[in-house]
Every structure is written in C-alpha cells, then in structure tokens.
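An overview of the molecular structure
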Amino acid sequence: MSEQDRPKHASPERPGLAALRGRLEGARGPEFWRSLEELAGDEAFQELLHREFPRQASEWTEGLDRRRFLQLAGASLALAGLACTRQPLERIVPYVRQPEEIIPGRPQFYATAMTLGGYALGLLVESHEGRPTKVEGNPQHPASLGATNAFAQAAVLGLYDPDRSQLLLKLGEISTWASFLESLRGRLQAQRSLKGAGLRILTETVTSPTLAAQIRSLLALYPKAKWHQYEPAGRDMARLGARMAFGRFVETRFDFGKADVVFSLDADFPAAGPGAVRYTRDFTDRRRRRDGRAAQGRLYVVESAPTLAGTLADHHVTVRAGEVPVLAQALAAALEVPGVPRPAAAPASPFVTAAAADLRAHAGRSLVLAGEYAPPEVHALAHAMNHHLGNAGATVLHTDPVEAEPVDQAASLGELVGEMRAGHVDILAILGGNPVFTAPADFRFGEALGKVPLRIHLNGERDETAEYCHWHVPEAHFLEAWSDARAHDGTATVIQPLIAPLYGGRSAHELLSVFTDDTPRSGYDTVRDFWRGRTGTAGFEAFWRKALHDGVVPGTALPSRTLPLLASAVPEAVAAIALAGAAEAKASLAGQETCELVFRPDPTIHDGRFANNGWLQELPKPLSSLTWDNAAFIGPAAAARTGLVNGAVVEIVAGGKSVQAPVWILPGHPDGSMTVTLGYGRRKSGRVAKGAGFDPYVLRDSTAPWLLPKVSFRPTGEHRALAATQHHFNMEGRDLVRVATLEEMRADPECIKRMGETPPKDQNLYPGFAYPGQAWGMAIDLSACTGCNACVVACQAENNIPVVGKEQVLRGREMHWLRVDRYYQGDPEDPETHHQPVMCMHCEQAPCEVVCPVGATNHNSEGLNVMVYNRCVGTRYCSNNCPYKVRRFNFLKYNDETTPVLKLLHNPDVTVRSRGVMEKCTYCVQRINEARIDSEREGRDLRDGEITTACQQACPSQAIVFGDINDGKSRVSAWKSEPSGYGLLEGLNTRPRTTYLAKLRNPNPALRPDKGRDRG
Amino acid sequence: MKTPAVPRLYGLMAEFSSPHDLLAAAGRARQAGYRRMDAFTPFPIEELSEALGHRKSRVPLIVLVGAIVGALSGYALQYWVSAVSYPINIGGRPYNSWPAFIPVTFELAILVAGISAVLGMLALNGLPMPHHPVFNVPRFALASRDRYFLCIEARDARFDRAATGEFLKSLKASEVSDVEL
Amino acid sequence: MENRTTNYRSPLIAPGYTTSTVTDKISAVVLARTPRWWYVGFGVTFLLVMMLLYAIAHLFAVGIGIWGVNVPVAWGWAITNFVWWMGIGHAGTLITAILLLLRQAWRNSINRFAEAMTLFAVACAGIYPLLHLGRPWVFYWLFPYPSTLGIWPQFRSPLVWDVFAVSTYATISLLFWYVGLIPDLATLRDRSKKRVAQIGYGILAMGWRGSARHWHNYESAYLMLAGLATPLVVSVHSVVSFDFAAGIVPGWHSTVFPPYFVAGAIYSGFAMVLTLAIPLRRIFGLEDFITLRHLQNMAKVMLATGLIVAYGYLMEFFMAWYSGDMYERYVSLNRMFGPYAFQFWALIACNILAPQALWLRRVRSSPPVLFAIAIVVNVGMWLERYVIIVTSLHRDFLPSSWGMYSGTIWDWATFIGTLGLFLALMFLFIRFLPMISIFEMRTMVPEANVEETPR
C-alpha cells in the first residue's frame, strides 16, 4: 500500500500488523533479535512486552479501549510470527548428541549442578524433547541427597526468562563476538608487554577447579595481573573466624546426624550457607520419630531476627544482633572454655546455663554453630567451644578450603577499588556478578570503575554494572554451558548443559580463554581437558561418562583434618567482643527512633541475582509471607512505641546516606533492631524486578556488612501497599497445628488425638464409597517442616502454575496450589512459630464436589479429588465451600501464552489453565499415571515410593510422604498410624486423605515452664 | 353454501345495561327452553354460568394431571442422569441422592402444572380465535366496558327469528340486534 | 372470585365510580398521548441500560477479575444483587396469588404492576448468575440437555436447583401476568382508535369476548395459577437460601435460612411495591384506586415480615451461641465487631429499627414517610445479603486464608445498570399496558354487586 492510502494506525511511528509482519519476515537467527529490538521501540510492542509478565494481569483490569486492543492483537500476532522464526535456535538441544535416547513423551534426566555463592547443589534436570522443564535434587550428590531449595526449583524460569541479556553490547550498542575479540586483542598485546600490570579479573566466589586453573594460567601469562573476588552475600565472616581460630582459611562442615544437642548462635542452618539442604535433611532425620519411638536431639537457637532455625528450636531466645557476641562469650564461659571470662552483663543467662549443661552432658555428640553473618569472633569462639567439647572431628569436620582461592573478599574488592581510583587498572574483566549494585556503599564502586579504560562485564542480565561497562557479554545460564563446581564437602560436579544457549550466551570459561588462548576454546573442551589433565588420558572417557551420569566426580570430597586451635584465638575473640560491647554501650538504643540495622540476603531473591524471577518474586517469604517487596522488619514492641503500621514508609538514615523503606511488623523480632533484606530496589533490571522493593545496599558498609550498630529512622507519613499472602497468624484457639512435647506424648499417647474431634467412620447419612485397589494419601510431618518453601516453587514448576503479579496478590488472587501457613503461639514478643503446608486434602466427602453444578470436580476410583478444567464453568462455589481454601481461580487470563520462549517452560504433562476455571492440587496425578503405565507395561504392581509428588521430592527435610493408604506396609500408612497423626478440620467429617503428624518438641526439663509455649 | 339473498344469521344479541337484568334474562331464557346461548360481560359473574347451565370447568383436572406428569418426569430425569446415564462419585454421596433431588422435582411439577393450566384454559375457551360473529355487532365493543349482552344462537332448536326477537325484547333488553355470520 | 362485598372500614375505591368510568380512567393512561416526562424518564433509564451493556461487554472481554471477588470471598456483589432482586420479585407474586387466595380484595388495584415488578425484578436477577460465571459463554451447561459429551448437570448442587426454581418462577409469573392481562387487552382492543393499536392489542387479546364460558374457565385457571404460585414463591426463595444453607461455611450453614429468606423476600418486595406505588398513584392521579388503605395494608405487611426477619437474625445468633460451634460463634462476633461491623449495624438499623415506626398510624398514613421507610428497607435488605455473603466467607475455618473484600467500580456499574434496566422496563409497562387491572376494578364498583339483587 502507498503512503497515502495507508490507514492511520499503521503510520511509520506505530506500524500496523502488516508493517510488523513485514519486518519479521525473513528475520533469522541474530537479526531476528535485532528486529525485536526495533519492534521494542514500538508502543504497541512495549505494551505487549509488559504483558509478557504477569503484571499484565493488573493492566487488564484498567479498561481496554478499542485502540489498545488492536495494538495488543497486532503485537501478539507479530509474536506469533516470531514463534516460527525461533525454530533454528531450538535445534541445538541434546537431540543432536544422542537422538536414539529420545522417546517422544518420555522425559530424560540429566545430572548437573547449580551454584550459589560458588558452592554446588547437585541436580537432576528433567528434559522434555530437549527442553529443561523441571529441576530435582541429585540423590547421589552430598549437598542435595535428592532435595533442593527454592532457588534451584526456580532455575528453569531463570533459563527461559525473556528479559535475560541476549545481546553482546558495546557501549550499549549491539555488537558481535568477533568485533569484541578483535578490539580486546590489541589491548591484551599491550598488557603482555606490561606483564599484565593493568589487568584485573573480578569474579564471585570460585569453587570451579577448571575456572581456577584457567585464572592461574592467566596469572602465569600476565604475572602482574591480579584476581579479585567479591560475593555480596559471601562467607567473609566464616573465613575470618576460621583464620582467627586456626591462623588460616579452613572449611568447616557439620554432621548433624551425630549431634544430639545443637546450639545455634544466630545460625539459620536450614536456610543459609552452602550445606543448608543437606544439613536440614541430616537434622530432621536425626529427630524423626520412627514407629512411634521418641524423637531425639534438642535444638537451642539464639537469633537476632526470626529465622527458620528458630521455628524448629526446642528453645530459642531472641536478642539483638549486637548482643550475639556477648551471648556467645557467656556460653563459652559457661562451658568453661579456658581463657573466656564471664561477661559482665549477658542476656538470657538461665537459658545459657541450661544449654551449656546440656551441651556438656553431650560432649562429642553436640554442635555449636556460628551464624553465616555473625562476626568473626563468634565463629572463633564457636570453634573453640567445639574443640573444648570434643566435637571437632566428630560432629564438626575441618577440611581444606573448598574455594579455589579463599580471600577476605571485602578487602580484596577494597584493594581493587583503590587501584582503580589510582588509575592503575587498564582492563577490568568482571566475570559474573553485579558489583555496581552490590558493592559496599563506602567503596563507591561505580565511580571508581569509571576510571578504568576498558571494562568488560559478563553476566546473564543487562544490569547496573552492564551500564557502566564498555563491553557487556551475555552469560550463558548454567543449564546452557559446561562448567564444574564443588559442594560444601569439596565433592566436584561437572556441570553439563541441557540446552544450547538460547540467546547466544558465553560462559566464564569461554571468556577467560580469550585472554589465555590464541584461538578461544569452547567451554566443553576447557572443562574436559582440565579433568583429563587430572585423571590422565587412560580410561578418561569412562571416567567422564560416569562423572556426567552420576553428577559427582568420585573421590573429590575433601578429607577431614584435625587442626589445633591457635593460642591467640580465644583472647583475640574476647577482645573483639569487648570492643564491640563498648560500641554497643555507646550506641545506647534507648532513644525513640534509633536502632541497629541488620542486613540479610533475601530469602527468595538472595542478593538480587534472582530479582527478575517471577516465581521467586511471588514466593511468599518465610515468616513474613511477603511477596514482590522487601521491607524493614521491626518487632511489635517497636511498632507499638513508634506507632508504625505495616507498610508505613520510614526513612532510614546512616552516615549521611538514607533509604525509604516500608515497615513490616514481625512477631518475635527484637526491639531496638531493624532487619532489611538485600537485592531489591534494582535500578537497571528486567521487567519483573522493576519497581520492586527498596535498595539497602546504599547503607551497607564494607566494615560492617551485616550489622550497622546504630541508624536513625523517621516516619515519612507515606504508605506502600505490601502484598502478603497471609494476614492472620493467630490460630484463634482452633486445633489446626497440634503441638505437644515428647513428655506429654509419652505420658499420654492420645493427647494429640484428643485435641480435636474425629467423627467415627460409620457416623454418616450415606453408605459411602469403597476404594479397592490403590487409595492415594499423603502425610505431612509438622515437626520436620522448616517452612523453607522449596515445595511451593516445586509445585509451581511441575504444574505450570502462573505468576499473577503484585497487584493481583494484593487482591488475594495468588495461584499457588500449595501454601505454607504460619501460625504464632504465645507472646508476640517471642512466639512459637509453626509451619503447616496446606494443599488440597482430597477429602473423601469433599464439600467442594457436592456444590458444583456441572460436576467439574468429582472423585476418581482411587479417591483423588479430580478437577475437570474443560468442564468448569467457574461458579467458584467449590472454593467457597472448601474449608481449607486450597482452590485457586483464574480470575483473569494469568497464563502467558504469548511469549514464545515461555512456551518451552511448560510441563507437557499438565494442562495449562485458561481464564475462568478453578484449579487446585492434583496430588501430581500426571506422575501417578506415568508410574502406573510403567508398572502395567512391566506387568507388576506399583511399588511404594515409586510415586513422589513434586513437593515431596523437593522437600529438604522429607516432611512429606505420599503413597497408597490401602497398602498397610507403605510409608504413608506407617506415618498415618503414628499416635501423633491427625487430620485438619476433621470435625467437619470431610475425611481428608492428607493428614498431619503433630509438631513434637523436646524441651529441656531444666528450662520449664518453657517460654512461648503457653497454649491458647 | 350461503345464499346471497338474506345474510345468514349467527344469532340474536340482546344488550342490557346492568348485570342484574342480564342475570334475570339469562334465567328466563333458560326457562323458555333456550340452550344454545351465551352471555358477555365486562367482568366475571359467577352466577351467570349457572344461570346459563354451563358445566363445571375441567381446568382443575388438567392441572392435576400436569402436576403429576411434571413431578414424575422431574425425578425420573434426575435419577436417570445421576444413577444410570453417567454415574459419578460426587463427594462420596450415593448415585441416587434422593433428598437432593426433591427441589427440582417440585419445581418441575409446578412448571408443568402451571403451563397446562393456561393452555387448558385457552383450549377450553377455544382461544386464540381472531374473529367471531359477535364482533360484527357494532355495539359489542361495549361488552368490555359497561354493557351486558345475551346472545341466542340460530342453531338453537327453539330459535325463530321473529319469536326469539320478541322474547328478548320482553326481557328489558335496551336493544336487540342481528348477529350476522 | 365471588363475594366481593366486604365490609371494610374505608372503601377500596373512591365512591361514585361505575364500570364505565373505571374503564375509561385506567385505559386513558395507556391510550392518551405520551407525556414529555415519560420520554425524559425513559431516556435516563435507557442510558443506564447502555452502561449495563458496556459493563457486561468489558466483563466478557477481560474476565471476572474486573470485579472485587477473590479467594476466600469468591462471591460478592453479583450474588448479593441476585438474591436482592429475587426477593423484590416475591411481593408481586404474593400480592397476585396469596392475597387472592386469602380473598384480600384490596390487592386488585396493585396486583397488576406488582406482578410486572416481579417479572422485571426476576429478569434483573436472572442476569447475575450468568454474569458471575468464570466462563459465561458455557452457562447452558447448567441445563440438562443431551450433549455429545454425554454429561449432565450435577443435581446435588443448589445452583442447579436455582436454575430450575428461577426459570420456573419466571415462566409461571409471566403466564400469570399475561392471563391476568387478557381481558384488559380486549378492552384496549375495543377502546383504542388507532388501527395499529387495535391490531396489536387484538392479537394479544387472542379474541377474548368475555363470554360467560370464557370467564368460567378463566376464573378457574386463574385460581389454579394462584394456588400453584403460592407454594412456588415460598420454594423459590427457600432454594435461593439453599445456596448458602447447603454449604458448610460458618454463617451460611443454618436451617433458619429458608423461612427467614422468604420473609425477607416479601419484606423487600413490599418495600419496592411501595417505592413504586406511591409515586405512580401521585403522577397518574390514581389515589382513588390505590387508596391510603392500600398503603396502610402494605405497611402492615412490611411490619409483620420485618419482625419475622428480625426474629431470623436473632435465631441465627442464638443458634451460633447455643450450638457451641466455635466457627459459628466467631462468625457471629466477627459480624458484629469485625471489619464489616459498619455494614452489619447499618443493616440492623435499616431492617429492624427503621420499620418500627410503622407501629404508628400517623406514619402508616403518610405516603412520603412510607416512601422513605420503603427506600431504607430496600437498602437494608441489600446490605443483609452482602453481610451474609461477605462476612461469612472472608473469615471461615483457617485463619491463614482469611482475607478482605470490596466491590470495584465495575460491580457498581453492573448493579446500577440493572436498576436502570428495571426502571426502563417499568416505564415501558406503564406506557403500553394498563397498570391497574381494569376488569378486577370493575368488580369493585357498587353496580357489580350482583348478589343483593333487588328482586
């Protein structure tokens, strides 16, 4: 059509459908993305891009005028066009390697590993026709034992994130790998002559043997070059503590399986640190009741803010972070660790005395943990106590560092910044990480970075740092690239990709190879060659195949070594504590609006690296149940005193810098203290992270990374709506979570059952149905559940559950099929916290089914409460009539079917629900059917444990068991027959198939009446 | 078969100004042996149909049958659907959950009964009938206002144009007119 | 319909009327030229109907999410409005049917437009169950029809009972109304001068001649319909109440619901009849037909049903306490003192306190005050349904999933839209059909007393 007769809406500024299509036709491979960029300039397309992410849900409600409708229609059609041109990009998946393995419809599992803070978590990743769709733990991997954490579960969404960096950029302009190489070559030549005096490499924590070897060879090539490391949520405290205790960097790992008494000094072991998943498993296995026998072990927790460990504890005290060291000293003194004077004034002395006695009674079978974020002196003291108790070598194992090059990272980064300022740095290669956003504020990293003539940034996200760098190279996702990494015990895993880079990303290995090799080598070759070098060529192929297959490299676990404690350790620690104590005293937080400020990595987006992951953003944060935001947590007392309410925005001022943060009141949070989580308030990010939360990094100081002794705050009078998924944390005296102590159970095994009414089976108007054959059921052990939420993300990934966005969560429309309820008991200043995972109970007498006018939800022959999506008309009566409120409704079209790349994410075995239908937990019926088909093909019965639901599989503490309740020998039957077993709201006679094991505690008799557990 | 000469006659129509006169006239006419006659009034007068010797209305019977048919078919439908055609385990309830089937059974009984009442009434009245000879009488329009009419049909055995006319005049009829076919 | 002579304190029709004057006066309203105010009124309400259509279009295009509903409160304004409109409808049937059986002659002048009100209210109510579906385009799955899927409705669900109750109610009301109209249509046929009108009314009148045989069967059928409509009207709102009573939700699961829902329905219905009758009699100068005594009688009915409703509330709270069920108890307390306490106390004020004024004869005989009270009761009855639905759902069994609810602008638009629809239909009705039953009024003029025939 000519210019004149072209209709209005197709003017050059806003191209019409024809124009869009025109641009797209013939677009292939690289150019295709370029044309997407062009399109992105177009308003209609911006709208659509915005819609790609669940925020669109909110959008839609704001009316839909005809013009915008046309724009959206046009743009989405344009994307449909794109979908075709994607094919070449998808060809390069494992098909190419081993086509004969592919059975259409049958997923394959590949062993690999995900690193967080450098440490590996072994995974088995499910792949459908070459699309990674679901992450499971690798049972053979020491850090996983088959379980995972929320981060790993959400990794697949991270892989397909359409906002991932997709273009090699030069000064923000699209460039090519070739031109990058060429422009770098010249500079490297210059560095050669200077022995690399101006060359600096900045990485995050590195455990990868291959990467370490590459960097070392680089340093050999450029002797004057330097390698710096910085991890915003790193382990400096543990490192320095170890150095204080042993004079050198030492890796410490724990054997909870042998520990009868565990004392945690602000250590959130189920959530933080490299071994968290493994430790959770060992800890709960140690305590787990079997055939009704009593649980063993006892946990004391000192926490500076409510933690998951605290919720597991038999006894916990909450003190300000600033008081933790003194308390540690008090404990050491009570344990009579030589050279430790009893501190003048220590909080919670009866608690400490009793715990000390308990620890001593279990010398050699006890464990003293120092928190990841507790100051070095606490770590040093913990080492001293473990030595003194003879735990070292028994429950506490010291090994050589797992890290390739442990350093004091804050110092390392400080040194780099200093040199950058001084202009000594000519080339800085930032391999991963986002230091411009995460570096301590006092370094003013961005400003210093500006003085470097050539800045190269490798990261998966076009983030704040990318903005500051000449070159930005998109980094390949760990599911896209070859690498290796080591677990907390040193076990190495070869990280193998499941899919070729979607967006042409490069791995750190490939980038480093540019510095060292004349012809850059592929990541595959680099990693293989490294291991060939290790094992020798003989039998390497066999070794390689086995390593890949198992997901662990045999014999790489580090041996435990006995290390003498330095004589200086204890005095040094005590002195440091005294110093800190003095500072504390000076701080004097009596004042109305001053307090200490505690920094913690965010439980769902960590240090900000997962900020653009919708699953993790919408994952309710443990304890606060907040989504899409971070907040400044304060205690009820502080709230009462200052009159602050949830969402009230305060300005936090420290050292001339300030942030505005909404307040959230967290029962059990100490007074005079405020806790903020890192990673939010991203300035340059993808669409998901945009506008979420505030940025505490601007207050963070290199000298005090985790605790500012004194900040002042003042209410601004503004208010920010915070989207929590749970608003009421009081059980209202209902028997929802039943709690008892072991003594009570021993004295009266029926005490749990008697806490609620259980109607007899025959008390019924109708005869009821029989379930011959399998009858599926589930049991959940509330003593084991740590509330880590890994199951929630696992469920979301397995069942194609959409993300709805903050606005919809605020309206109470989150879609999670499985939620972890939290209830507080007792004094709000120091409550007992209980977690209760709740999903569809599959009631045998389901109230939801009776009221459905079209029979869209009904029972199958195995007692599953099945939901027939395509029959559902959406009256929502079933949800009203569900006493557990586990049904979720598609109030709007939540499922994104327009973004091509997100189509790859879906689990092909699970229907994608559309607008207007109800959905809910299915007990992972697709897994049940798959197992049944297998058993039928092999002509055998289903084996117990053959079917695991997604939540069960992910659970680090194995708190969930699923199986056939008709089979008396099945694990689930055994659990259900425990005296502490009960059903939620049994009194309604719904006959839930999912039942719970009460939460049993083992309090120290010496500490009665045990605080916080006053019932009612 | 009608002969063009004299317009064929449906009957004779007498007009009265009060219901009392009409009632009286109807009675007298019946005594006089007239059977094929009908009266027209602007509002229902119970006594009139007695005076004219009309049989009891059969509408109630029709309604009863309708109610029974509705109830039976209502329950049958639900039983067949829930227990025979496509039985599903709904919340552990039996296929034939009779207590839950009562409301629909009842509603269907009412529905069918109500419809049969109306259709029955129309049928018994021979409605709808767009045209009828009595409308040929110009003043008949007042039958729906304030006039009362008695019509003796020509088909009546004792009908004789002259005699019947005289007879009607004698009944205080304000006017007697031919009703032509 | 014999025995029209009843010795009342004051006459049901002003003296001096004859069948002819009654006929002329009422039919004149229809046959006269259309007054200007009618165009204005109809125009305004028509615009509201357009707004309704827009709201519905937006709803279908975007989804139920434009409303305030969520989990746990998955029902909100839509069901509130449904129950409210259904209730209003009930007064019409009550007046036409029950009062007929009770030989309450005073009903004759109000039953016609009360019945019309029923039809229009049911029409408005009927929209909501369809709109509130997540997938309204498959609403017909609730009806039993042979489909290739071979699946049927689930007859244990109160929503299916609703489908049958409401559609039966609509059908019977329509028939009842039309049958009542036939003789008057004949009158209009005979009285109208315009050819179009004559043909139009003629077709509708189906050739009614008012013959003795006609009247004979007619009366019988009319009584039969009345006899059927009476249990029907009771059953319909009982079934509506089952939507709640059959659920296990605390605050819903209660045996007192059916009776007090029916009472409440009649209560709100009479309120609406007054709301319409008082202005109508004024505008059309029909004070002679809809006399003060009519208003007083309706006021008395309101007072009586209002007290029954109050008793229902009382019983609900008593049973919550007496049952000892902790969930029921919590819901009761939460209603009175929880986040929705304002709506609750407002409803108590509107439904229980305000109507107590009707004990006073002075109040009962002052149309303006009656009108005000009627409006208040209409609001109160809407609030009642809102409180029952929202306060029960927003805090049920598991505190973890407690939530809050509030309607959005789209909820408002839809509700006001149906008010517009209702009034627009009313305007059409009073313009084109006799709003008072002419033939039944004729039976009330002195000359119609055939019994005491002077022999």
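An account of the accompanying structure is given in this report.

Another aspect to go through is the interface of chain B and chain A. Contacts between chain B and chain A engage 10 residues on the former and 12 residues on the latter. Where chain B abuts chain A, roughly 1000 Å² becomes buried across the two surfaces, and 67% of that area is made up of carbon and sulfur atoms. Area buried by chain B at its contact with chain A is led by Asn-89, Ile-90 and Arg-93 of chain B, which between them contribute 48% of it. Here chain B and chain A share zero salt bridges between them. At the junction of chain B with chain A, the criterion picks out three residue pairs in polar contact (both at pLDDT 80 or more). A per-class count over the side of chain B that touches chain A returns five nonpolar, four polar and one charged.

Here the focus is the interface of chain C and chain A. Taken together, the contact pairs 54 residues of chain C with 56 residues of chain A. Between chain C and chain A, roughly 4500 Å² of surface is buried when both sides are summed, and carbon and sulfur atoms account for 58% of that area. Interface area lost by chain C to chain A is led by Val-71, Leu-398 and Ser-400 of chain C, which between them contribute 15%. Seen at the junction of chain C and chain A, the total is one salt bridge.

Now for the nonpolar core. In terms of nonpolar packing, the biggest core is built from 297 residues, with Trp-85, Phe-113, Phe-422 and Phe-429 of chain C touching the most fellow members. Of all the elements, helix 5 (residues 158-191) of chain C adds the most residues to this core, at 18 residues. Non-local contacts of Phe-429 of chain C, meaning those with residues more than four positions away in its chain, are made with Arg-112, Phe-113, Ala-116, Phe-120, Trp-177, Pro-434 and Met-435 of chain C. Ranked by size, the runner-up nonpolar core spans 41 residues in total, among them Tyr-300, Ala-328, Ala-332 and Ala-380 of chain A.

Glancing now at the packing of aromatic side chains. Within the structure shown, the criterion is met by 80 aromatic pairs over all chains. With a centroid separation of 6.0 Å and an interplanar angle of 35°, the aromatic rings of Phe-42 of chain C and Phe-46 of chain C are classed as tilted. Placement of the pair is Phe-42 of chain C and Phe-46 of chain C together in helix 2 (residues 36-62), with a separation of four residues, close to one helical turn. Site record: aromatic cluster; members linked through ring pairs are Trp-77, Trp-84, Trp-85, Tyr-340, Trp-382, Tyr-386, Tyr-405, Trp-412, Phe-415 and Phe-422 of chain C. The positively charged end of Arg-506 of chain A is found above the aromatic ring belonging to Trp-177 of chain A, 4.1 Å away from the centroid. Across from the ring centre of Tyr-34 of chain B, 5.7 Å away, lies the NZ or CZ of Arg-158 of chain B, which sits over that ring.

About the criteria used
- Residues numbered from 1 in each chain as written.
- Chains lettered and ligands numbered in written order.
- Predicted model: local features only at pLDDT ≥ 70, side-chain atom pairs only at ≥ 80, totals over all residues.
- Heavy atoms only, no water.
- Contact = heavy atoms within 4.5 Å.
- Buried area = accessible area lost by both parts, 1.4 Å probe.
- Salt bridge = Lys/Arg side-chain N within 4 Å of Asp/Glu carboxyl O.
- Polar contact = N/O pair within 3.5 Å; in protein donor to acceptor, adjacent residues only side chain to side chain.
- Nonpolar A, V, L, I, M, F, W, Y, C, P; charged D, E, K, R; others polar.
- Core = buried A, V, L, I, M, F, W, Y, C linked by side-chain atoms within 4.5 Å.
- Buried < 20%, exposed > 50% of the residue type's maximum accessible area, 1.4 Å probe, protein only.
- Helix = DSSP H or I, 4+ residues; strand = E, 2+ residues; numbered from the N terminus.
- Phe/Tyr/Trp six-rings, centres within 6.5 Å; stacked < 30°, edge-to-face > 60°.
- Lys NZ or Arg CZ within 6 Å of the ring centre and 35° of its normal.

Note that every value here comes from positions in space, so none of it alone points to a role or purpose.
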